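Residue-level structure breakdown
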Amino acid sequence: MASRPVLTAALTALAPISWGTTYAVTTQFLPPDRPLFTGLMRALPAGLVLLALARVLPRGAWWWKSAVLGALNIGAFFPLLFLSAYRLPGGMAAVVGSIGPLFVVGLSALLLGQRPTARSVLTGTVAAFGVSLVVLKAAGALDPIGVLAALASTVSMSTGTVLTKRWGRPDGVGPLALTGWQLTAGGLLIAPVAFLVEGAPPALDGRAIGGYLYLALANTAIAYWLWFRGIGRLSATQVTLLGPLSPLTAAVVGWAALGQALTPVQLAGMALAFGATVFGQIAPRTSPVPVREVASRGNTVTQRRRRSWPKTPAPAAASRSPHARAVPAGGPCTVPPPAGRRPTASGKVAAGSESTG
């Protein structure tokens, strides 16, 4: 049983690891300067594929809940993330995004009633510091719009994560359908903005088509299915603490595939962020209930149960007259005792005793 949370966390971690490859795929395979179109191609085709596989549509309140979650996790998050990445110096958007666990801790207290702990706050802070050592580079002044976009994207994704945990899923609906609802809603939200801002879709060659297929299927459909599946089985803080794996993966891919060097400071930051991520998946030990308290609770329950049992009425006393009929407790006697038998004081006929009358 203990291995199930570990397996769930490992599968959920594949989502941010996959998202860490987005930068390399975007720069090496996709048309430049089309972030909204890229977000649209990631979300809408993936959502339609999952809807076709699940063959379940929202019902009742889940129409607006799916729209809200799709806007927070996809429709608003994608454009804001790309906007911040384009306007901020290298790695700053990832640093702002790495404070997402701290937002989730605060939102969990408001929406889920989970009290913040020093452990969760410290783990989120160490993870954010480690990511900053990995991706942050010396640059000029920060762009206010980029900073606001980065903060808004982090708040959007964090709120969507907590609301997904709070609302759960409808009865009989799995994470595949829930993911399809959100991706479709988010893609439909991005579509008009992408066409208004960026115009008609660009011409696509074979490399671009392959890149978009990878982003839509592996990077989005499968990754978000694993992500929302993990939200349903892990705590919101555990899930969001897997987020730093995305910039760490981007740094590793940049080093292995793009020839980017890793400095000792970056390696130290990777160790800090990865250690905080792993530590965040370890469930804190709960203090055992004292034996006396358990015994006291058990005695209380036993006493309540004993009080709830109805008392059996005492049998009616039989007349001692030899000529009277015995009336059993609980109802009148309908069959007279056979001749030659005398009733006892309890109302039963004593076998083998003859009348002396």
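Definitions and limits used
Every chain begins its residue count from 1, and numbering advances along the sequence as written. Given that the model is predicted, a residue must reach a pLDDT of at least 70 before its local features are reported, and side-chain atom pairs must reach 80 or more before they are shown or counted; all residues, however, enter totals for whole chains, interfaces and linings. Water and hydrogen atoms play no part in the side-chain values, which are based on all heavy atoms of the structure. Think of it this way: any DSSP run of H or I at least four residues long counts as a helix, any run of E at least two long counts as a strand, and we number them from the N terminus. Expected span of a helix: the number of residues minus one, times 1.5 Å. Whether a residue is buried, partly exposed or exposed follows from its accessible area with a 1.4 Å probe, protein chains only, as a fraction of its type maximum: under 20%, in between, or over 50%, in that order. Residue contacts follow a heavy-atom distance rule, with two residues in contact if any of their heavy atoms lie within 4.5 Å. The convention used is that axes are lines fitted to C-alpha atoms, helices contributing only their stretch in contact, and that angles between N-to-C directions extend from 0 to 180 degrees. An angle below 35 degrees is read as roughly parallel, one above 145 as roughly antiparallel, one from 65 to 115 as roughly perpendicular, and any other as oblique. Should the near helix be turned anticlockwise from the far one by less than a right angle, the crossing is left-handed, and should it be turned clockwise, the crossing is right-handed. Amino acids outside the nonpolar list (Ala, Val, Leu, Ile, Met, Phe, Trp, Tyr, Cys, Pro) and the charged list (Asp, Glu, Lys, Arg) are all regarded as polar, and Gly is one of them. For our purposes a nonpolar core is just a set of buried Ala, Val, Leu, Ile, Met, Phe, Trp, Tyr and Cys residues, chained together by side-chain atoms within 4.5 Å. For this analysis, a ring pair means two rings from Phe, Tyr or Trp (six-membered ring only for Trp) whose centres lie within 6.5 Å, classed as stacked if their planes differ by under 30 degrees, edge-to-face if by over 60, and tilted for the remaining angles. The angle between axes fitted to the seven residues ending at a residue and the seven residues starting there is what we call the bend at that residue.

Re helix α3 (residues 35-54)
Because an α-helix packs 3.6 residues into every turn, residues spaced three or four apart end up facing the same way. Under the 1.5 Å per step criterion, the end-to-end length of α3 is 29 Å for 20 residues, consistent within 8% with the ideal 28 Å. When you tally the buried positions in α3, you get 14 out of 20 residues, the bulk of the element. Immediately downstream of α3, the backbone of Arg55 shows phi near 55 degrees, a positive value.

Focus on the side chain of Ser98
Within the secondary structure layout, Ser98 lies in the loop between α6 (92-97) and α7 (100-111). In this view, Ser98 contacts Ala128 and Val131; residues no more than four positions away in its chain are not counted.

A look at the packing of helix α9 (residues 144-167) against helix α11 (residues 206-233)
With their axes 8 Å apart at the nearest point, α9 and α11 run at an angle of 55 degrees to one another. It follows from the interaxial angle that α9 and α11 lie oblique. When you trace α9 past α11, the crossing you get is right-handed. For the pair formed by α9 and α11, the contact residues are Met157, Thr161, Thr164 and Lys165 on the first element and Tyr224, Trp227, Phe228, Ile231, Gly232 and Arg233 on the second. Looking at the contact of α9 with α11, its residues break down into 5 nonpolar, 3 polar and 2 charged.

Things to note about the nonpolar core
Counting residues in hydrophobic clusters, the biggest one holds 41 residues, and the most contacted among them are Trp19, Phe78, Tyr224 and Trp227. Not counting residues within four places of it along the chain, the set of residues in contact with Trp227 comprises Thr12, Ala15, Pro16, Trp19, Met157, Thr161, Val239, Thr240 and Leu242. Among the nonpolar cores identified, the runner-up in size contains 10 residues, and Leu69, Leu163, Val173 and Ala177 belong to it.

Observations regarding the packing of aromatic side chains
In this description, an aromatic ring pair is defined by two values, namely the gap between the centres and the angle between the planes. Tallied over the entire structure, the rule returns 8 aromatic pairs. Centroid distance Trp19 to Tyr224: 4.8 Å. Interplanar angle 40 degrees. Geometry classified as tilted. One end of the pair, Trp19, is in helix α1 (residues 3-19); the other, Tyr224, is in helix α11, and 205 residues separate them in sequence. For the pair Trp19 and Tyr224, one class covers both residues: buried.

Comments concerning α11
Here α11 is 28 residues long and its end C-alpha atoms lie 39 Å apart, about the 40 Å a rise of 1.5 Å per residue gives. Remark: the principal bend of α11, roughly 30 degrees, maps to Ala223.

Concerning the packing of α3 against helix α5 (residues 77-87)
Running from amino to carboxyl end, α3 crosses α5 at an angle of 145 degrees, the nearest separation of the two axes being 9 Å. Both α3 and α5 take part in a crossing whose hand is right-handed. Contacts between α3 and α5 involve Pro35, Leu36, Thr38, Gly39, Arg42 and Ala43 from the first element and Phe78, Pro79, Phe82 and Tyr86 from the second.

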